Protein chains: 2
Amino acid sequence: MRKTFLFMDTIFNKVDSKGRVSLPADYRAIVKELNSEIVCYRSLVSPCIEGCAEDLLEKLATEIEDSNDFFSQEQDDLTNLIFGDAKRFTFDSTGRIVLTEKLLTHAGITDTAVFVGKGRKFQIWSPENWAKEEARIRAEVLKKRPVLNAHKSGDNA
Amino acid sequence: MRKTFLFMDTIFNKVDSKGRVSLPADYRAIVKELNSEIVCYRSLVSPCIEGCAEDLLEKLATEIEDSNDFFSQEQDDLTNLIFGDAKRFTFDSTGRIVLTEKLLTHAGITDTAVFVGKGRKFQIWSPENWAKEEARIRAEVLKKRPVLNAHKSGDNA
DNA sequence: TGGTATAGCATGGTAATTCATGGGAATCAA
DNA sequence: TTGATTCCCATGAATTACCATGCTATACCA
């Protein structure tokens with residue numbers, strides 16, 4: 001029964017006229033296990049919505065609080081932006097949340113939402129924007145592939 | 001109690017019309033022992049599926065989380081690519097998982113899946129692609145073998 | 001050593017459950 | 001009251017869990 005808490009996969013769900021979307025079942029399971037709630041906010045850098053479990057923001061807040069490095073001011077500013085924008089979303093008995101007009105507009109979502117897992121976080125895109133983004137990322141990462149291999153230290157051949 | 005947690009060997013299993021495959025018994029034993037689950041994703045560089053125990057990705061997520069790089073663009077790309085593509089697979093009481101169309105297509109698998117152990121990870125190939133890949137690997141190793149045996153001085157060619 | 005019983009595994013089929021989604025009733029705000 | 005938002009039920013489709021069978025490798029016994 002012990003689970004890990006990673007948002008994964010790419011899921012296409014419909015957005016109805018009321019702005020309702022099913023949160024993917026796997027995502028729901030994670031939030032439930034964490035005894036947490038979903039929080040969403042506009043991505044600072046991309047035309048998409050970002051989401052995570054509320055306790056990740058809790059951790060982020062604590063980190064910023066305790067951080068002494070020279071990025072802290074910058075991160076503090078970014079954090080303000082996020083917390084100012086973030087909103088809690090509870091899902092109903094069928095597992096749906098109602099996204100706000102502000103978020104939908106920012107992401108250019110009309111009738112279909114694409115959930116993209118990012119580990120501790122996830123993103124919600126319009127199909128069009130996601131197609132572009134995915135292509136960009138694939139090209140970018142393949143260019144830098146050595147980085148993929150270098151992230152581990154204890155890796156002996 | 002088990003000594004090792006390494007995926008090994010090469011196993012040919014059938015894929016039925018619904019995409020169901022038996023995960024090799026040895027692999028199952030490992031995953032069970034780790035109290036984890038299987039995660040699969042498309043290989044970035046080969047026409048095959050890659051898999052590992054979920055806690056390997058969990059570690060990666062934790063590393064990213066702890067890197068104080070909450071807003072890094074590069075990490076954004078990397079996590080999108082890995083977690084956006086990865087999917088969790090639980091096996092039923094008979095030890096089968098259901099591979100998705102996306103994965104099967106990427107690997108060119110129709111009715112037979114070849115599981116190839118790679119230590120902490122494993123790969124799933126179509127028999128045809130695996131035959132080619134194995135031949136390529138063998139040729140590659142043979143080519144390098146003289147270098148491995150005879151330690152030449154000044155061999156920076 | 002050879003032959004047979006046994007347990008574990010891969011695989012096919014099917015029943016049961018879960019999930020996404022549409023519609024409408026109930027609740028709340030102005 | 002009207003418009004909007006939240007909650008709940010219904011439904012069809014897709015996914016998953018379960019049961020059954022045949023095969024293979026292993027253990028056991030003579």
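A.B. asks: How do you make sense of the interface of chain A and chain B when you look at a structure like this?
C.D. replies: Interfaces are often sized by the accessible area lost when the parts come together. If you look at the interface, chain A gives 44 residues, while chain B gives 33 residues. Of the roughly 3,400 Å² buried at the junction of chain A and chain B (both faces included), carbon and sulfur atoms supply 53%. On the chain A side of the interface with chain B, the three residues burying the most area are M8, K118 and R138 of chain A, jointly 17% of the side's total. Salt-bridge contacts for R138 of chain A lead to D85 of chain B; the nearest nitrogen and oxygen are separated by 4.0 Å.

A.B. asks: What is the right way to read the packing of helix α5 (residues 127–143) of chain A against helix α3 (residues 73–85) of chain B from this model?
C.D. replies: When two helices pack together, their arrangement is captured by the angle between the axes and the distance separating the axes. The N-to-C vectors of α5 of chain A and α3 of chain B enclose an angle of 110 degrees; their axes lie 10 Å apart at closest approach. Comparing the axis directions of α5 of chain A and α3 of chain B gives the class roughly perpendicular. Every residue of α3 of chain B that contacts α5 of chain A at W130, E133, R136, I137, R138, E140 and V141 of chain A is listed here: Q73, D77, L78, N80, L81 and D85 of chain B. Its residues assigned to classes, the contact of α5 of chain A with α3 of chain B comprises five nonpolar, two polar and six charged.

A.B. asks: For this particular structure, what's the right way to read the confidence of the model for chain A?
C.D. replies: In low-pLDDT regions, the fine details of the predicted coordinates are not to be read closely. Residues and elements named next belong to chain A. Residues with a pLDDT of 70 or more make up 84% of chain A, whose mean pLDDT is 85. Confidence, expressed as mean pLDDT per element, reaches its minimum in chain A at helix α6 (residues 146–150) with 48 and its maximum at strand β1 (residues 10–14) with 98. Overall, residues 147–157 carries pLDDT values under 50, and its contacts beyond four positions in sequence, including any with other chains, amount to nine contacts.

A.B. asks: Would you take a moment to explain unusual backbone geometry for this structure?
C.D. replies: With glycine set apart, most residues show a phi of negative sign, and most peptide bonds adopt trans. Residues and elements named next belong to chain A. With a phi close to 70 degrees, D9 is a non-glycine residue in the positive phi region. Note on placement: D9 falls in the segment before β1. Unlike most non-glycine residues, N35 shows phi in positive territory, near 55 degrees. By the element assignment, N35 lies in the loop between α1 (25–33) and β3 (38–42).

A.B. asks: What is the right way to look at the protein's contact with DNA strand D in this model?
C.D. replies: Residues in contact with DNA strand D, as listed here, are K18, R20, T94 and R96 of chain A together with R20, D92, S93, T94 and R96 of chain B. The protein-proximal atoms of DNA strand D, defined as those within 4 Å of the protein, are 0% sugar or phosphate. One nitrogen or oxygen atom from the side chain of R20 of chain A is found 3.1 Å from a base nitrogen belonging to DNA strand D.

A.B. asks: Which parts of the structure should I look at to understand the side chain of E133 of chain A?
C.D. replies: By the secondary structure assignment, E133 of chain A is in helix α5. According to the relative accessible area criterion, E133 of chain A is buried, its value standing at 11%. Not counting the four nearest positions on each side in its chain, E133 of chain A is found in contact with W125 of chain A together with N80 of chain B.

A.B. asks: Please explain the pattern of salt bridges as it appears in this structure.
C.D. replies: A side chain with one charge can pair with a side chain of the opposite charge if their charged atoms come near. Considering all chains together, one arrives at 19 salt bridges over all chains under this definition. With its nearest N and O atoms 2.8 Å apart, the salt bridge here joins E54 of chain B to R88 of chain B. Of this pair, E54 of chain B sits in helix α2 (residues 54–66) while R88 of chain B sits in strand β5 (residues 87–89), and the two are 34 residues apart along the sequence. Like E54 of chain B, the residue R88 of chain B is buried in the burial classification. Residues joined in a network through salt bridges with shared partners are E134 and R138 of chain A together with R42, D85 and K102 of chain B.

A.B. asks: Quick question: what am I supposed to make of a nonpolar patch on the surface here?
C.D. replies: All names here are of chain A. A cluster of nonpolar side chains, L44, V45 and L81, forms an exposed patch at the surface whose accessible area comes to about 290 Å². With respect to the secondary-structure elements, L81 resides in helix α3 (residues 72–85). On the basis of relative accessibility, which here comes to 51%, the residue L81 falls in the exposed class.

A.B. asks: Mind showing me how you'd approach the protein's contact with DNA strand C here?
C.D. replies: Near DNA strand C lie 24 residues; those nearest to it are K18 and R28 of chain A together with K18, R20 and R28 of chain B. In the environment of DNA strand C, a base oxygen lies 2.4 Å from a nitrogen or oxygen atom belonging to the side chain of K18 of chain A. Of all the secondary structure elements, the ones that give two or more residues to the surface near DNA strand C are β1, β2 (20–22) and α1 of chain A together with β1 (10–14), β2 (20–22) and α1 (25–33) of chain B. Across the surface near DNA strand C, the residue classes break down as six nonpolar, six polar and twelve charged.

A.B. asks: Teacher, can you tell me more about the packing of aromatic side chains here?
C.D. replies: Each aromatic ring pair is characterised by the separation of its centres together with the angle its planes make. Residues and elements named next belong to chain A. Under the definition given, this model contains twelve aromatic pairs over all chains. Between the aromatic rings of Y27 and F122, the centroid separation amounts to 5.2 Å while the plane-to-plane angle is 45 degrees, which identifies the pairing as tilted. Placement of the pair is Y27 in helix α1 and F122 in strand β8 (residues 121–125), with a sequence separation of 95 residues. What makes F122 buried here is its relative accessible area of 0%.

A.B. asks: Could you clarify how one ought to interpret the sheet that holds β8 of chain A in this entry?
C.D. replies: Two orientations exist for strands paired in a sheet by backbone hydrogen bonds: parallel and antiparallel. Read across the sheet, six strands follow the order β1-β7-β8-β4-β3-β5 (chain A) without closing on themselves; strand pairing throughout is antiparallel. Single-partner strands in this sheet number two, and they are β1 and β5 (87–89) of chain A. Going from strand to strand, the sheet's axes swing by 30 degrees on average, the running direction of each strand aside. Bridging between β1 of chain A and strand β7 (residues 112–118) of chain A involves five bridges; their strand directions are antiparallel. Note that in β7 of chain A the partner of F12 of chain A across the bridge is V114 of chain A. Along the sheet, α1 of chain A makes contact with β1, β3, β7 and β8 of chain A, crossing β7 of chain A at roughly 55 degrees. Against the sheet, α3 of chain B contacts β1, β4 (49–53), β7 and β8 of chain A, and its axis sits at roughly 105 degrees relative to β7 of chain A.

The rules behind each value
Residues numbered from 1 in each chain as written. Chains lettered and ligands numbered in written order. Predicted model: local features only at pLDDT ≥ 70, side-chain atom pairs only at ≥ 80, totals over all residues. Heavy atoms only, no water. Contact = heavy atoms within 4.5 Å. Buried area = accessible area lost by both parts, 1.4 Å probe. Salt bridge = Lys/Arg side-chain N within 4 Å of Asp/Glu carboxyl O. Axes fitted to C-alpha atoms, helices over the stretch in contact; angles between N-to-C directions. Helix = DSSP H or I, 4+ residues; strand = E, 2+ residues; numbered from the N terminus. Parallel < 35°, antiparallel > 145°, perpendicular 65-115°, else oblique. Nonpolar A, V, L, I, M, F, W, Y, C, P; charged D, E, K, R; others polar. pLDDT = per-residue confidence, 0-100. Near = heavy atom within 4 Å. Polar contact = N/O pair within 3.5 Å; in protein donor to acceptor, adjacent residues only side chain to side chain. Buried < 20%, exposed > 50% of the residue type's maximum accessible area, 1.4 Å probe, protein only. Patch = residues over 30% accessible without salt bridge, like charges linked within 9 Å, V, L, I, M, F, W, Y side chains within 5 Å. Areas by Shrake-Rupley, 256 points an atom, 1.4 Å probe, with all protein chains shown as cover. Phe/Tyr/Trp six-rings, centres within 6.5 Å; stacked < 30°, edge-to-face > 60°. Pairing = 2+ DSSP bridges.

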